[in-house]
Amino acid sequence: LHQGAVGTGVDIATGLTRNGVWTNRITDVHPDTGVSIEAIQIPHWDTILLLASRCYEITRLGYMGVDIVLDAKFGPLLLELNARPGLSIQLANRLGLLNRLEMVESLPEISKSPAERVEIAKSLFSTKPVQPDR
């Protein structure tokens, strides 16, 4: 994002893109094409969430950025883990991070199962899905 990429917010429960951010400005369209970046279904969404959740076992970091790419042949692949991820993505989601961190902190315990952590995240952080234009 800091080098000019377009970032999109994604509804955790559905994998549908929301609005975006580009050069620290909120946008609903791609700046090069003018095409809407909202309501796009991210392929392999559940696999992506599970892959990201499993990164806790690698790092034991309670908060990290997980960069994943989608390969045409192999599907979701881990690109890198960030111990200090950028926070500009908050703009794309139009949701602050503090409320989400407080929700996690209020849990009595964090599940040891990556799949259970995914389900908790889906239930805690779901937002109303964007409806595609018809």
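In what follows, the structure referred to is the one given above.
Residues numbered from 1 in each chain as written. Predicted model: local features only at pLDDT ≥ 70, side-chain atom pairs only at ≥ 80, totals over all residues. Heavy atoms only, no water.

Of note in the backbone geometry, Thr23 takes a positive phi value of approximately 50 degrees without being a glycine. Mapped onto the elements of the fold, Thr23 is located in the loop between strand 2 (17-22) and strand 3 (25-27). The partly exposed category is assigned to Thr23, whose relative accessible area is 35%. Positive phi outside glycine occurs at Arg94, with the angle close to 55 degrees. Positionally, Arg94 belongs in the loop between helix 2 (89-93) and helix 3 (97-105). Note on Arg94: relative accessible area 44%, which makes it partly exposed. (Helix = DSSP H or I, 4+ residues; strand = E, 2+ residues; numbered from the N terminus. Buried < 20%, exposed > 50% of the residue type's maximum accessible area, 1.4 Å probe, protein only.)

We now examine the pairing of strand 1 (residues 6-10). Alignment of strand 1 against strand 2, held across four bridges, turns out to be antiparallel. Looking at strand 2, one finds that Val10 is bridged to Thr17. The hairpin turn running from strand 1 into strand 2, its antiparallel successor, is six residues long, and Gly15 in that turn takes a positive phi close to 80 degrees. (Pairing = 2+ DSSP bridges.)

Bringing helix 1 (residues 45-59) into the picture now. Between its first and last C-alpha, helix 1 extends 22 Å over 15 residues, near the 21 Å set by a 1.5 Å rise per residue. Of the positions making up helix 1, those classed as buried are Trp45, Ile48, Leu49, Ser53 and Cys55. Within helix 1, the buried residues cover an arc of 130 degrees as seen down the axis, which keeps them to one side. Where helix 1 is buried, its residues touch strand 1, strand 4 (65-71), strand 5 (75-82) and helix 4 (114-125). Arg60, located one to two residues past helix 1, shows a positive phi value of around 65 degrees. (Expected span 1.5 Å × (residues − 1). Arc of directions from axis to C-beta. Contact = heavy atoms within 4.5 Å.)

Note that Arg100 resides in helix 3. No salt bridge forms around the buried Arg100; measuring N to O, its nearest opposite-charge neighbour Asp11 is 6.8 Å away. Each residue touching Arg100, except ones within four places of it in the same chain, is listed here: Ile12, Leu95, Phe125 and Thr127. (Lys, Arg positive; Asp, Glu negative; His and termini not counted. Salt bridge = Lys/Arg side-chain N within 4 Å of Asp/Glu carboxyl O.)

This part is about the side chain of Thr27. Within the element layout of this structure, Thr27 appears in strand 3. On the basis of relative accessible area, Thr27 is assigned to the buried category, the value being 15%. Polar contacts involving the side chain of Thr27 include one to the main-chain carbonyl oxygen of Val29, which spans 2.8 Å. (Polar contact = N/O pair within 3.5 Å; in protein donor to acceptor, adjacent residues only side chain to side chain.)

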